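Residue-level listing of the chains:
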Amino acid sequence: MKDIDKYFFGKAANDKVSLEVKPGEIHALLGENGAGKTTLMNILYGIYQRDGGRITWKGEEIHFGSPREAIDNRIGMVHQHFMLVPTLTVSQNITLGLKSEGHPFPNRRSIDEKIRELLSAYNVHISPTDKVSSLSVGGEQWVEIIKLLYRNAELLILDEPTAVLTPQETERLFRVLEKLRQEGHSVIIITHRIPEVLEITDRVTILRDGRNVATVHTSETDSVELSHYMIGRELKTISRTPNTVSPQEEGLGLDELTVEENGRSVLGPLSLSVRKGEMIGIAGVDGNGQKYLAEAVLGVRDCSAGKVRLLGGDVSSASIQKRKDMGLGYIAEDRQNDALIMDMDMRENVLLRMYSKREYVKTGFIKYANVDETAKEMIETYNIKTAGLGKPVRYLSGGNQQKLILARELAGSPPVIIAFHPTRGLDIGATEFVRQKLLERRASGSSILLISSDLDEIFALSDRIAVLFHGKIMAVLENDGNVDVNYLGRLMAGESAESGSNSRRVE
Amino acid sequence: MIETGLIAALTAFLSATLRMAMPLTLAGLGETFSEKSGILNIGLEAIMLSGAFFSFIIAFMTQSVLLGVCAGIAGGIAVSSIHAYLSIHCKVNQTIAGLALNFLIMGLTSFLFLIVFGKSTTLPECPVTPKIPIPVLSQIPIVGPVLFNQDLFVYFTFIAIFLAWFFIHRTEWGVSLHAVGENPKAADSAGLNVFRIRYLSTIANGFFGGLAGSYLTLGLLGFFMENITSGKGYIALVVVILGRRNPPGILLAALVVGAAEALQFRMQTAGIPVPSQLFTMFPYVITVLVLFLAVGKSREPSALGIPYIRSRR
Amino acid sequence: MERLKAALSYILIIVIILSLAVVLILSVGSDVPKSFMSFFRGIFGSLYGFSEVLVRATPLILAGLGVSIGFRTGFINIGAEGQIYWGAIAVTTTAYLFPGLPALIAIPLGIVAGFVAGGIWALIPGYLKARFGISEVINTIMFNYIAINILGILVRTVLKDPEYPLPMSSKLPDGFIFPLLMYPTRLHLGFLIALIAMVLVYVLMWKSSPGYKLRVVGLNQRASLCSGIPVKKYIVFSSLLSGGFAGIAGVGEIAGIHYKLLEGFSPGFGYVAIIVALLGKNNPFGVTAAGLGIAALQVGSLSMQRQAGVPASISWIIMGSIVLLILARSTLLTFFAEKEKEEKV
């Protein structure tokens, strides 16, 4: 792929990106979230159409209009969200959409045989007659891979394949990938995990912000260099007053917090203590447990073990309402789905937080006069540009929507605040504003848990930085201006904390 | 002597049950195809009524049962196509579309009937399909007359059930149909044309539903009147759930309902004072129980009632 | 531009409907102007005609209000018919149990009984939906049939009038009968109750805290959850309210029109109520207007049949067509909107 351009709504997701993969090679496409890796592969696979550049496959220029064409040309992709029908068997899923011999009366037995051979050739212990619903997530991924091999894929693209695997399953996957390489298949792995890149790949292409950074041979590089490529940036000057008042009182406490899903632990055990007047930034690549963490503290998700403490009190089994009443403010990452009712107007969205307070609801009736007054105050204080109190918030810009959420959640100075991607999708002005407000809260003594995949933000605001990877805290660093960014990058990419660094480690 | 009387009564009862169950079976079969592909058609009543009306009109005018049946099928497909367009292309709420169609067709058939026949106290009649006994087999006591001394509709239905079962469970088309209703995204990415499969399944719905309506007029009753289906379309929806969207199951479920109806008639003519409603209520109570027990096993197609929107950029 | 397009599309729908009506009238050989005249005269031409509109609208408005509450919370109540039946059963049973009560107590009692009975009948599918995720669409249809059959059993056994051979209850004690609002029409207290219900629903949904939470749950379950609203409880609550108002519709029909419990007293009110709710955009005032509109359509069609010979079934055709056109309209609008978007990008 050469000089691929792809624009979404005027913003370049891919800017003159080039990629070259040789036959019989395992090639990693490395980068942070949003770097443009998946977009590039979706263009190759025919899901998106490129805006510029050329793609050649086996010497010929190609242009796929749909995944079907890619598959016909022996290119296959396993997406992050599996495309399987749970109520059908493995064998039926693999042959879905194909006209097997004897169509439409397939000889199930001979097909199953073929598939069984394929499965055992790669040491996959699944029977073709198993229903997909009975498989584990790892098993489902095997089915997806075998599906590609059954269709004679020569090039396989795997999007974050290890995201859903245990370490043992990852090992098995790597053995299979090696076998594929020996057989002459090419594999492109989209990932953000450096240790795996180092273990299995031949070459690595790093993307950042939609552009090529470098392409290197794996054997000639190391994690330091790779994390530098992946994340490397200059530290911007921080205009944040260090935490002068250091009370030892805890605002938010997490004690061996564990969250499970489908029997697997997706978060923890995780322990953390956020003091009053302190902001801890949770750094990490998206998808390493941030969502579970935020939801567990809010109360939307049950924790299977461990405790959550607000201002010293155990709230692990308290309702969300109770936690809010105790003083928890929550700035959601997905404002349209989690925090706002798009078709309701400003007053009713403000009410979303206030409906349990006496001054707004009396004997079941809503005192709209008070709601209006509060809303007007918020508009003034936070400078929210709105067409009117009575218009649906759908018509507010993203920045103004976020301001509304901030105003609402921060009203009453809640002592504990969770800010989950608080500046996502905002322009510079709105971003500055939000960060300002968070710092103000911090100065007045609130404990703030900042979860963000934007490292600039983490550096600008946090007193301490905790790195989250695979649901566990790799390390907690003091943000004293001397943080080794590369070390941070490696922690984020899964390296354990032992390897030397210059940063002061805390806990 | 009592024995033969009893046997004769039993035979007559079973035979009537089977015949009454036929429209439900056919309609249920059509709805099964539709639902398996993800389209819920509450307007099954409209399809049946349309089939009943048009088959009657054409049979009356041409005195030919065959042409009547064709007209009934056409009528059914016409209605189901409207539903298909609204559900697949316009992606509207399928429940409301179905309800609106029910009202529309009810009014339309009544209206047209009045135009053609005017207001008369005697109901116009049409030719009825004759019973065709199958030699030898129809001589078997009880089972013989019940199963093998029926009209062509019944025989066709038996064959249709078998073919439908085979189609769904033993062919690749059936697998594709299932995939479209369960996970249209997966089906789409596997190269299946979700929209086309859904359109075809609604045509099947119209075909069988129209046929079911035709049987009502040309097979069972021999006449047409306003709102002749009187809720059978809704009952067919019940049959689909009771029968777990599985053709042989649908036949069984339809028989249960048919038996309740036949029993009700018997009891009324016999003058037994037990309220027949106890029996007519029976299938619905069972369905609720079935729905309740099937919780967790999630028996309905996951994408049922949800329009498929293909997001491409 | 948006407003203009919206207005145009409605005008287009009206034009299509009118053309359809003309075609249908002509196909019966009737005179078009005469038919339209008789239609309007049936509604506005006489006091009785006008009152009939209000009479027929009463159950539609009440049940429509119930259905609309359900819709707003995501509870698709196809079971209004069964809930109406239970309301009727409830008021009859209550009247039997307390025959001597004076009207001042009996009437409110009857209404409450109907509300509770209808509410419970809807609550069962509502609970099953909230707790087990069972689709309420098919469930409520089942419950309709069960309710109709239960009524059939009751009027033949427990509630049967011993003096008549027909399956129906004896006449309701005087205390429970809704007084007529306007003699010699059939307009009864039920209509007033419907109007009161309309205001009540408005106040409940837009001025009270529970109503606010109901609407929030209906619009965005996830955000409701994140802000601490117990979603499941509110789904059940909404089903209760939904069935309750439908139940009152049943009370009105028995206490206001028939004065006894009998089979088939509802010619599908519960199903029409769904259309009424849809046309009224789930807004209490819109529902009332839609209820009146549909009732007017039916009364006018009857008049058209009597005086111009146009079959009354034309009202069903018109009603079904209106709904289908409105459904298709949103597609046509979005179709045009998307074309525009594509050209912009």
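Residues numbered from 1 in each chain as written. Chains lettered and ligands numbered in written order. Predicted model: local features only at pLDDT ≥ 70, side-chain atom pairs only at ≥ 80, totals over all residues.

### Description of the overall build of chain B
Thinking step 1. Within chain B one finds 12 helices and 2 strands.
Thinking step 2. Reading the helices (α) and strands (β) of chain B from amino to carboxyl end gives α-α-α-α-β-α-β-α-α-α-α-α-α-α.
Thinking step 3. In terms of overall dimensions, chain B is globule-like: its C-alpha atoms have a radius of gyration of 20 Å, near the 20 Å expected for 313 residues.
Thinking step 4. On the principal axes, the C-alpha backbone points of chain B span a range of 75 × 45 × 40 Å. (Helix = DSSP H or I, 4+ residues; strand = E, 2+ residues; numbered from the N terminus. Rg over C-alpha atoms; globule rule 2.2 N^0.38 Å.)

### Remarks on the overall build of chain A
Thinking step 1. Looking only at helices and strands, chain A has 17 helices and 24 strands in total.
Thinking step 2. Relative to the compact-globule value of 23 Å for 507 residues, chain A shows a C-alpha radius of gyration of 25 Å, a close match.
Thinking step 3. Each principal axis of the C-alpha distribution contributes one length, and for chain A these read about 75 × 55 × 45 Å.
Thinking step 4. Out of the 507 residues in chain A, the part that is buried amounts to 47%.
Thinking step 5. Restricting the contact set of chain A to residue pairs at least 6 apart, pairs at least 24 apart contribute 67%. (Buried ≥ 20, exposed ≤ 12 C-beta atoms within 10 Å, placed from the backbone. Contact = placed C-beta atoms within 7 Å.)

### Some details on helix α10 (residues 231-258) of chain C
Residues and elements named next belong to chain C.
Thinking step 1. Between its terminal C-alpha atoms α10 stretches 40 Å, which fits the 40 Å expected from 28 residues at 1.5 Å a residue.
Thinking step 2. Most of α10 is tucked away: 23 of the 28 residues are buried.
Thinking step 3. Where α10 terminates, the next one or two residues include Y259, which has phi positive at roughly 60°. (Expected span 1.5 Å × (residues − 1).)

### Topic: the confidence of the model for chain A
Residue and element names in this part refer to chain A.
Thinking step 1. Chain-level pLDDT for chain A is 82 on average; 91% of the residues reach the 70-or-more range.
Thinking step 2. The low-confidence segment residues 234-238 (pLDDT under 50) makes 7 contacts with residues lying over four places distant or belonging to another chain.
Thinking step 3. pLDDT under 50 marks residues 500-505. Its contacts with residues more than four places away, or in other chains, come to 15 contacts. (pLDDT = per-residue confidence, 0-100.)

### Here we look at the interface of chain A and chain B
Thinking step 1. Chain A puts 16 residues into the contact, and the matching count from chain B is 18 residues.
Thinking step 2. Here the residues of the side of chain A that touches chain B are counted per class, giving 10 nonpolar, 5 polar and 1 charged. (Nonpolar A, V, L, I, M, F, W, Y, C, P; charged D, E, K, R; others polar.)

### Some thoughts on the interface of chain B and chain C
Thinking step 1. Listed per partner, the contact involves 34 residues of chain B and 37 residues of chain C.
Thinking step 2. Of all the secondary structure elements, the ones that give two or more residues to the side of chain B that touches chain C are α4 (94-117), α10 (232-242) and α12 (277-293) of chain B.
Thinking step 3. Here the element with the most residues in the side of chain B that touches chain C is α4 of chain B; it accounts for 15 residues.
Thinking step 4. Considering only residue class, the side of chain B that touches chain C consists of 28 nonpolar, 6 polar and no charged.

### Things to note about the sheet that holds strand β8 (residues 155-159) of chain A
Residue and element names in this part refer to chain A.
Thinking step 1. Pairing is mixed in the open sheet, where 6 strands are placed in the order β7-β8-β9-β3-β10-β11. Only two strands of the sheet have a single partner each, and these edge strands are β7 (75-78) and β11 (211-217). Pairs of neighbouring strands in the sheet enclose a mean axial angle of 15°, with direction left out of account.
Thinking step 2. The sheet contact formed by β7 and β8 spans 4 bridges and is parallel. Directly across from V78, in β8, lies its bridge partner L158.
Thinking step 3. The sheet contacts of helix α5 (residues 137-150) involve β7 and β8, and relative to β7 the element is tilted by about 175°. (Pairing = 2+ DSSP bridges. Axes fitted to C-alpha atoms, helices over the stretch in contact; angles between N-to-C directions.)

### Quick look at the pairing of strand β3 (residues 26-30) of chain A
For a regular strand, the rule is simple: side chains alternate between the two faces of the sheet.
Residues and elements named next belong to chain A.
Thinking step 1. Among the 5 residues of β3, 5 are classified as buried, and the element is accordingly described as predominantly covered.
Thinking step 2. Side-chain alternation along β3 places I26, A28 and L30 on one buried face and H27 and L29 on a second face that is also buried.
Thinking step 3. As judged from the 5 bridges shared by β3 and strand β9 (residues 186-191), these two strands associate in the parallel manner. Of the residues in β9, the one forming a bridge with L30 is T191.
Thinking step 4. Note: β3 against strand β10 (residues 203-208), 4 bridges, orientation parallel. Pairing of L29 across the sheet is with T205, part of β10.

### A closer look at the nonpolar core
Thinking step 1. Among the nonpolar cores identified, the biggest contains 351 residues, and V467 of chain A, V239 of chain B together with A63 and A273 of chain C are the most heavily contacted of them.
Thinking step 2. Per-element tally for this core: the top contributor is α10 of chain C, with 13 residues.
Thinking step 3. The contact partners of A63 of chain C, leaving out residues within four places of it in the chain, are A80, I84, F245, A246, A249, F269, G270 and A273 of chain C. (Core = buried A, V, L, I, M, F, W, Y, C linked by C-beta atoms within 7 Å.)

### What about the environment of R208 of chain A?
Residues and elements named next belong to chain A.
Thinking step 1. When you line up the elements, R208 lands in strand β10.
Thinking step 2. Assessed through the 19 C-beta atoms surrounding it within 10 Å, R208 is described here as partly exposed.
Thinking step 3. Residues R208 and I231 lie 23 residues apart in sequence; the distance between their C-alpha atoms is 7.6 Å.

### With respect to unusual backbone geometry
Thinking step 1. Between Y183 of chain C and P184 of chain C the backbone carries a cis peptide bond, its omega angle lying at 5°.
Thinking step 2. Positive phi is not limited to glycine here, since E256 of chain A has a value of about 50°.
Thinking step 3. Relative to the helices and strands, E256 of chain A is located in strand β12 (residues 250-261).
Thinking step 4. Since 12 C-beta atoms lie within 10 Å of it, E256 of chain A is described here as exposed.

### Looking at the pairing of β10 of chain A
All names here are of chain A.
Thinking step 1. As defined by bridge partners, β10 adjoins β11 across 6 bridges and the pair is classed as antiparallel. Within the sheet, the bridge partner assigned to R208 lies in β11 and is R211.
Thinking step 2. What sits between the antiparallel neighbours β10 and β11 is a turn of 2 residues, in which D209 has the positive phi angle 55°.

### Some points on the confidence of the model for chain B
Thinking step 1. For chain B, the mean per-residue pLDDT works out to 84, and 91% of the residues sit at or above 70.
Thinking step 2. Quick note on the complex model: pTM equals 0.83, ipTM equals 0.85.

### Structural notes on the sheet that holds β12 of chain A
Residues and elements named next belong to chain A.
Thinking step 1. Taken in spatial order, the 4 strands of this open sheet run β13-β12-β15-β16, and their pairing is antiparallel. Of all strands in the sheet, those with a lone pairing partner are β13 (264-275) and β16 (313-314), marking the two edges.
Thinking step 2. One ladder, built from 5 bridges, connects β12 with strand β15 (residues 305-310); its direction is antiparallel. The residue bridging L254 from the neighbouring strand is V308, located in β15.
Thinking step 3. Here helix α9 (residues 290-298) sits on the sheet in contact with β12, β13 and β15, set at roughly 65° to β13.

### Focus: helix α2 (residues 32-44) of chain C
All names here are of chain C.
Thinking step 1. Compared with the 18 Å implied by 1.5 Å per residue over 13 residues, the 18 Å span of α2 between its first and last C-alpha is a close match.
Thinking step 2. For α2, the set of buried residues is S35, S38, F39, G42 and I43. The buried residues of α2 all sit within an arc of 130° when viewed along its axis, so they share a single face.
Thinking step 3. Tucked inside the fold, the buried residues of α2 contact α1 (2-27), α3 (47-72) and α12 (284-308). (Arc of directions from axis to C-beta.)

### Some points on the environment of I194 of chain A
Residues and elements named next belong to chain A.
Thinking step 1. Secondary-structure assignment places I194 in helix α7 (residues 194-200).
Thinking step 2. As for I194 and E495, which are separated by 301 residues in sequence, their C-alpha atoms are 7.9 Å apart.
Thinking step 3. Residue contacts for I194: discarding those within four places in its chain leaves S223, L226, S227, R490, A493, G494 and E495.

### Points about the packing of helix α2 (residues 44-62) of chain B against α4 of chain B
Residue and element names in this part refer to chain B.
Thinking step 1. Two elements in contact, α2 and α4, have axes whose closest approach is 8 Å; the angle formed by their N-to-C orientations is 15°. Classed by the angle they form, the pair α2 and α4 counts as roughly parallel. Judged by the sense of rotation from one axis to the other, the crossing of α2 with α4 is left-handed. Packed against α2, whose contacting residues are E45, A46, L49, S50, F53 and I57, the element α4 presents L101, N102, L104, I105, M106, T109, L112, F113 and V116 at the interface.
Thinking step 2. Residue classes in the contact of α2 with α4 are distributed as 11 nonpolar, 3 polar and 1 charged. (Parallel < 35°, antiparallel > 145°, perpendicular 65-115°, else oblique. Left-handed = near helix turned anticlockwise from the far one by under 90°.)

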